[in-house]
Amino acid sequence: MPHFTISSYGPLAWLITSKDHEWLRGISQSCETPAWEYLQEWVMGYETILLIFKKAVLEESLRERLNGISFDPIHEPKETTLHQIKVRYDGPDLADVARQIDTTPEEVIRLHLTPTYTVRFLGFAPGFAYLDGLDPRLILPRRAVPRLKMAPGALAIGGLHTAVYPASSPGGWNWLGHTDHLLFDPDQEIFTLRPGDSVRFHTDSCQQT
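What counts, and at which threshold
Residues numbered from 1 in each chain as written. Predicted model: local features only at pLDDT ≥ 70, side-chain atom pairs only at ≥ 80, totals over all residues. Heavy atoms only, no water. Buried < 20%, exposed > 50% of the residue type's maximum accessible area, 1.4 Å probe, protein only. Helix = DSSP H or I, 4+ residues; strand = E, 2+ residues; numbered from the N terminus. Pairing = 2+ DSSP bridges. Salt bridge = Lys/Arg side-chain N within 4 Å of Asp/Glu carboxyl O. Phe/Tyr/Trp six-rings, centres within 6.5 Å; stacked < 30°, edge-to-face > 60°. Lys NZ or Arg CZ within 6 Å of the ring centre and 35° of its normal.

(A) Representation of the pairing of strand β7 (residues 129-132). Burial along β7 is two-sided: the face carrying A129 and L131 and the face carrying Y130 and D132 are both buried. Judged from the 4 bridges that link them, strand β6 (residues 117-122) and β7 form a sheet pairing that is antiparallel. Each residue of the ladder has a partner; that of V119, found in β7, is L131. Between the antiparallel neighbours β6 and β7 lie 6 residues, among them F124 with a positive phi of about 70°.

So this is what it looks like as structure tokens:
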């Protein structure tokens, strides 16, 4: 069994924390079945899942239930999609990222374009997808001073992840470029990316600076 903790999140909710991402996905899988009594909603995080119930559930009974859960890739949702997102590497932090890892902007672009990314979870803002798969050489701290405004479609890296800002917002990630690809439409409640989906970035040319 993976190590996990259970924390009270109010009278009707429990926060489950674990570094075992697949086990957390197993919980999410099980939440989609009718077997969970009184479960009203669940919210995935990077190393957490929040379970919200319609009535109080004892910690002991919840822990017993969690001990019997495992991740089954056979039952992964089949609706997951590979998204091809066209980007342009013209962001204000591209040169600084290259300087930090002692390389050229062209090499930063190559490192960022190469992986196929996986949507780990949505958070921070509606439609903001944390993408796993970043090349280890691009794992850098967030900016010491966040920007007050990141433009919609800003392509950025921060810590272990890369992401596209779906709407204008403050942000402290390193801004590499942008895309015109629609990721979130609040009027139509459109969320382009879903947990488990794959993402590939592409450009019109090799030289994007």
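(B) Structural view of the pattern of salt bridges. Taken as a whole and judged by the stated rule, the model has 9 salt bridges. Ionic pairing is found between R120 and D132, a salt bridge with its closest N-O pair at 2.8 Å. One end of the pair, R120, is in strand β6; the other, D132, is in strand β7, and 12 residues separate them in sequence. Between R137 and D135 there is a salt bridge, with the nearest N and O atoms lying 2.9 Å from each other. Relative accessible area serves as the criterion here: at 15%, D135 is assigned to the buried category.

(C) Region of interest: the packing of aromatic side chains. Counted under the stated rule, the structure contains 8 aromatic pairs. Ring plane angle 90° and centroid distance 5.4 Å describe the contact between F128 and W173, whose orientation is recorded as edge-to-face. Placement of F128 in the loop between β6 and β7 and of W173 in the loop between β11 (169-171) and β12 (174-178) is noted, with a sequence separation of 45 residues between them. A residue is classified by how much of its surface remains accessible, and W173, at 5% relative accessible area, is buried. Among the aromatic residues, those joined into a ring-pair cluster are F121, F128, Y130, Y165 and W173. A cation over a ring is seen here: R65 above W36, with NZ or CZ 4.3 Å from the ring centre.

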